[in-house]
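# Analysis of the macromolecular model
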Amino acid sequence: MRKAIYPGSFDPVTYGHIDIIERARRTFDHLIVSVAVNPHKTPLFTLAERMEMLQEVCCGMDNVTVDSFTGLLVRYAEQKDAQVIIRGLRAVSDFEYEFQMALMNRTIDPAIETVFMMTNSDYSFLSSSIVQEVARLGGPIQGLVTPTIERRLREKLNQ
Ligand code: PNS
């Protein structure tokens, strides 16, 4: 069984992430979408909220599970028996960071392959942080995140 992990902060999940989830789940038998717990970052949404939002968007995707992890991604992939790490690429600007991460991960465990998937060009500008910023400044974010996540964002920013 070809099992892949799609790791990320998902703060919150956007249509760009959903596009990658759909592509990856068509390509692999099982996909684990996993929220990274990074003690050095202060996310807008809690881990439980980010996982809940992912569970909502992945509802009905029978070969997708939502999880979280702490520590090294590669060690987590080994524990889950996953052979592949999925990362989305939006533009050339993503490449340097992704390249460094993929090669570091390969140094730790050469058996785990990183597979890059190109996001739909409609979402090539999209990131969780840009959605957060536009929402914070009262701008329109429909079409960038699902309506439920849009509502959650507005509520969170009004707290
Ligand atoms: O959505 P993001 O914030 O771009 O995701 C980055 C993430 C979580 C994939 C990356 O920071 C990560 O893999 N963190 C786990 C810690 C780790 O394994 N670090 C070494 C990899 S270079």
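First, a word on scope: everything that follows refers to the structure included in this document. What you see is a predicted model, and the numbers here were worked out from it, not measured in a lab. Each chain has its residues counted from 1, following the order in which its sequence is written. Note on the predicted model: pLDDT of at least 70 is required for a residue's local features to be given, and 80 or more for side-chain atom pairs to be given and counted; whole-chain, interface and lining totals, by contrast, use all residues. The side-chain values count all of the structure's non-hydrogen atoms but skip hydrogen atoms and water molecules.

## Digging into the pairing of strand β4 (residues 84-89)
Where a strand is regular, its side chains alternate between the two sheet faces. The element β4 is extensively covered by neighbouring structure, given that six of its six residues are classed as buried. Residues Val84, Ile86 and Gly88 line one face of β4 and the alternating positions Ile85, Arg87 and Leu89 line the opposite face, and both faces are buried. Taken together, β4, helix α4 (residues 92-108) and strand β5 (residues 113-118) form a β-α-β motif whose crossover is right-handed. Residue exposure (1.4 Å probe, protein chains only): buried if accessible area is under 20% of the type maximum, exposed if over 50%, otherwise partly exposed. Strands here mean DSSP runs of E at least two residues long; helices mean DSSP runs of H or I at least four residues long; both are numbered from the N terminus. Looking down the strands as they point away from you, a crossover is right-handed if its path from the first strand over the helix to the second goes clockwise.

## Comments concerning the sheet that holds β5
Paired strands, as defined in this entry, are two strands with at least two bridges between them according to DSSP. Strand order across the open sheet formed by five strands is β3-β2-β1-β4-β5, with parallel pairing between neighbours. Each having just a single partner strand, β3 (64-70) and β5 make up the two edges of the open sheet. Averaged over all neighbouring strand pairs, the angle between strand axes comes to 35°, with direction disregarded. In this sheet, β5 lies alongside β4 in parallel orientation, the contact comprising six bridges. Looking at the pairing, Ile85 lines up with Thr114 of β5. In this description, a line fitted to the C-alpha atoms serves as the axis of each element, helices being fitted only across the stretch in contact, and the angle between N-to-C directions of two axes falls anywhere from 0 to 180 degrees.

## Structural notes on the site of the ligand
In the vicinity of the ligand there are 14 residues, among which Ser9, Ala36, Lys41, Leu73 and Arg87 approach most closely. Take Ser9: an N or O atom from its side chain is 2.6 Å from an oxygen atom of the ligand. We define a polar contact as two N or O atoms separated by no more than 3.5 Å, with the added condition that, inside protein, one atom must be a possible hydrogen donor and the other a possible acceptor, whereas residues neighbouring each other in sequence contribute only through side-chain atom pairs. At 3.2 Å, a side-chain N or O of Lys41 approaches an oxygen atom of the ligand. Of all the secondary-structure elements, those providing two or more residues to the shell around the ligand are β1 (3-8) and α4. Element by element, the count of residues in the shell around the ligand is highest for α4, at four residues. Across the shell around the ligand, the residue classes tally to eight nonpolar, four polar and two charged. A single heavy atom is enough: if one lies within 4 Å of a molecule or strand, its residue is considered near that molecule or strand. Note on residue categories: nonpolar means Ala, Val, Leu, Ile, Met, Phe, Trp, Tyr, Cys or Pro, charged means Asp, Glu, Lys or Arg, and polar means any other residue, Gly included.

## Topic: helix α5 (residues 128-136)
In an α-helix, one full turn covers 3.6 residues, which means residues spaced three or four apart are oriented alike. If you check which residues of α5 are buried, you get Ser128, Val131, Gln132 and Ala135. The buried residues of α5 occupy an angular sector of 100° when the element is viewed end-on, so they sit on one face. Where the residues of α5 are buried, they touch α1 (15-27) and α6 (147-158). Just downstream of α5 lies Gly138, where phi reads positive at about 80°. Arc definition: it is the arc formed by the directions from the helix axis to the C-beta atoms. Only heavy atoms enter the contact rule, under which two residues are in contact if any of them lie within 4.5 Å.

## So, the nonpolar core
Tyr6, Val13, Ile21, Leu31, Val33, Leu54 and Ile86 are the most contacted members of the largest nonpolar core, which totals 34 residues. Taken together, the elements giving at least two residues each to this core come down to β1, α1, β2 (30-37), α2 (47-57), β3, β4, α5 and α6. When neighbours within four sequence positions are excluded, Val13 is seen to be in contact with Ile18, Met53, Leu54, Val57, Val145 and Ile149. Note on terminology: a nonpolar core comprises buried Ala, Val, Leu, Ile, Met, Phe, Trp, Tyr and Cys residues joined through side-chain atoms within 4.5 Å.

## Some remarks on the environment of Arg90
With respect to the helices and strands, the residue Arg90 is situated in the loop between β4 and α4. According to the relative accessible area criterion, Arg90 is partly exposed, its value standing at 32%. Separated by 20 residues in sequence, Arg90 and Pro110 place their C-alpha atoms 25 Å apart. Ignoring any residue separated from it by four or fewer positions in sequence, one finds Arg90 in contact with Thr119, Tyr123, Ser124, Leu126 and Ser127. In this structure the side chain of Arg90 is engaged in a polar contact, spanning 2.8 Å, whose partner is the backbone oxygen of Leu126.

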